[in-house]
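# Geometric and topological summary
Take a look at the letters that make up each chain.
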Amino acid sequence: MSREKFFITTPIFYPNGKPHIGHAYTVIATDALARFQRLDGKDVFFLSGTDEHGLKMQQTADQEGITAKALADRNSAVFRSMVEAVGGSNDEFIRTTEERHYKACQAIWERMAANGDIYLDRYSGWYSVRQEAYFDEKETTVGDDGVRREPLGSPVEWNEEETYFFRLSAYQDRLLALYENNPEFVGPSERRNEVISFVKSGLKDLSISRTTFNWGVPVPGNEKHVMYVWVDALTNYITAAGFPDTSGEKWDFWPATHIIGKDIVRFHAIYWPSFLMSAGIELPKRVFAHGFLFNRGEKMSKSVGNVVDPFALIESYGLDQVRYFFLREVPFGQDGSYSHDAIVNRTNADLANDLGNLAQRSLSMIAKNCNGVVPQRGPHTDADRAILDQATAALATARNAMVEQGVHHALAAIFAVVAEANRYFAGQEPWALKKTDPARMETVLYTTAETIRRVAILCQPYIPGSAAKLLDLLAVAADERDFAHLGDAHALKSGAPLPPPAPVFPRYIEPAEQA
Ligand code: ME8
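Structural notes, computed from the coordinates. Not measured: the values here are computed from a predicted model.

### Comments concerning helix H3 (residues 68-85)
Taking 1.5 Å of rise per residue, 18 residues should cover 26 Å, and H3 covers 25 Å from first to last C-alpha, within 8% of that figure. When we look at burial in H3, the residues that qualify are Ala-68, Leu-71, Ala-72, Asn-75, Ser-76, Phe-79, Arg-80, Met-82 and Val-83. The arc that holds every buried residue of H3, seen down its axis, measures 160 degrees, which confines them to one face. Turned more than 90 degrees away from the buried face of H3 sit Ala-70 and Ser-81, all of them exposed. Positive backbone phi, approximately 90 degrees, marks Gly-87, located one or two places after H3.

Put into structure tokens, the structure is as follows:
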């Protein structure tokens, strides 16, 4: 039986600067969504990459006195290592300067042209280099400094050029029907509402080529023009699925779920489906936009000079600590803020204290009192049953949350089990049972270890390294860690040998206190 396919993407990053924490956040969240589906038995294709063309890249390269390609090569590699550093389990890392991508862009262009949606005309308007987009005069404002800016604040300049247009105006009704008939197409609902009202306010045809620079994909048949960077960028998602070859195996992954930041919803939820409709290609399953992260301006740590650098953040707090913090603390889809204190408090409380201590205390007791093997499991009481059942039930809750990108809800349900397991452990007092009822002590320790096994299996998408360590401590085989192995049928076997216990979650200690 072939497994259900699941294709998920991050935005492809502009490598004209260094990766910052916002980029890392997108990758971490998309990675958790990808890992979850893999563990849930799906055949997953997880894509990330870099968006290397456009005027911004050319200008940055000019400032540095290098070619745009050299800049792209250098910085794309940095983004690739950022994706790796944050634990990205992506199957591919696409670069828009790849030959296969040029072919895909030219193919989608030709299909849109063949459908009568592309025409040549002149364009003039207020152009923002930073946004790589034209703005209506009425969308711009002139500040006290005499500089005219678009709504997001970047300066605009008057520009006039010959350009190809895409007949976006022709897609207004089809787009509105799409949002109406597929309410899950754009999420969360605030973003969906914004998109609908933007489309209802009227769509103008879109300028989709540039002649003022040549760092881009040439327009087929008119090499004076390069494609507008967003036509090029959005197409990456289908390049990776093998387009224009739609008969290959990779194409079976399409359509994708796109995870993006809220700044680029318009491109993904309006332009992209219009291009695809025009080219006769199936539309994405869903476009989900997360919020923005803000540093509250607190000093992060003495050892960290630049807190927006994801590499430095991981260095200070640990990878799973950073992942856990962002995934648990920020409701996915809303804006969030981070600070040194918030990261330390959250990860010390949930990871070091709740989960880490529970594992350490129960596994040490097992090592000491049960000869280092999985304890004997006597008859289960209601309390034993209840905690194990809650752990199993958390999968259904997490699954329902994860299909709609409710990453924080999934983690909340899993960590509610951890909190309950701590109450169970404290309430059962296995240390007291040691003298009065050693058989019952074994059952309590068994139940605690089995609960930790279930929690660790469920934690893998979010804190993969630490979850693997916990499963190692419980001697769970590598091929018995997916969600199909969560329940009673795959529970720990009494008498199975366990490795010596070791702490999994170091507690963060302020550098000043370390001395
Ligand atoms: O927009 N908080 O690339 P990009 C949270 N190349 N997320 C943030 C963030 C912040 N402060 N800042 C950035 C592009 N991001 C295009 C995309 S896709 C076909 C082309 C995240 O490098 C957010 O997800 O400027 C944003 O969408 C993404 O980084 C890419 O930003």
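So much for the structure itself; the text now carries on.
### Digging into the sheet that holds strand E5 (residues 133-135)
Spatial ordering of the open sheet is given by E5-E4-E8-E10, a layout of four strands whose pairing is antiparallel. Both edges of this open sheet fall to E5 and strand E10 (206-207), since each of them pairs with a single strand only. Relative to E5, strand E4 (residues 118-128) is paired through three bridges, and the arrangement is antiparallel. Within E5, the residue paired with Trp-126 across the bridge is Phe-135.

### A closer look at the site of the ligand
Near the ligand, the surroundings consist of 18 residues, among which Pro-11, Phe-13, Gly-22, Asp-51 and Gly-261 are the closest. Of all the elements in the fold, those that place two or more residues in the shell around the ligand are strand E1 (5-13), helix H1 (21-39), helix H7 (229-239) and strand E14 (257-261). With four residues, H1 is the single largest residue contributor to the shell around the ligand. Here the shell around the ligand is composed, by residue class, of 11 nonpolar, five polar and two charged.

### Considerations on the environment of Ile-270
Mapped onto the secondary structure, Ile-270 falls in helix H8 (residues 265-279). According to the C-beta neighbour criterion, Ile-270 is buried, with 23 such atoms within 10 Å. Residues Ile-270 and Ala-449, 179 residues apart in the sequence, show an inter-C-alpha distance of 50 Å. If sequence neighbours within four positions are ignored, Ile-270 has contacts with Leu-175, Val-195, Phe-198 and Val-199.

### Points about the pairing of E14
Summarising burial for E14: four of the five residues are buried, a large majority. Sheet topology note: the E1/E14 ladder contains two bridges and is parallel. In the sheet register, Thr-9 faces E14, and the bridge partner there is His-258. Here E14 runs beside strand E15 (residues 286-290); their pairing, made up of five bridges, is parallel. Looking at the pairing, Ile-259 lines up with Phe-288 of E15. In this fold, the crossover linking E14 to E15 by way of H8 has right-handed handedness.

### Some details on the environment of Ile-314
Relative to the helices and strands, Ile-314 is located in helix H9 (residues 310-317). Once the C-alpha coordinates of Ile-314 and His-268 are considered, the two residues, 46 residues apart in sequence, prove to be 30 Å apart. Residues within four places of Ile-314 in sequence aside, it is in contact with Ala-85, Leu-319 and Val-322.

Definitions and cut-offs
Residues numbered from 1 in each chain as written. Predicted model: local features only at pLDDT ≥ 70, side-chain atom pairs only at ≥ 80, totals over all residues. Helix = DSSP H or I, 4+ residues; strand = E, 2+ residues; numbered from the N terminus. Expected span 1.5 Å × (residues − 1). Buried ≥ 20, exposed ≤ 12 C-beta atoms within 10 Å, placed from the backbone. Arc of directions from axis to C-beta. Pairing = 2+ DSSP bridges. Near = placed C-beta within 6 Å. Nonpolar A, V, L, I, M, F, W, Y, C, P; charged D, E, K, R; others polar. Contact = placed C-beta atoms within 7 Å. Right-handed = clockwise from strand over helix to strand, strands pointing away.

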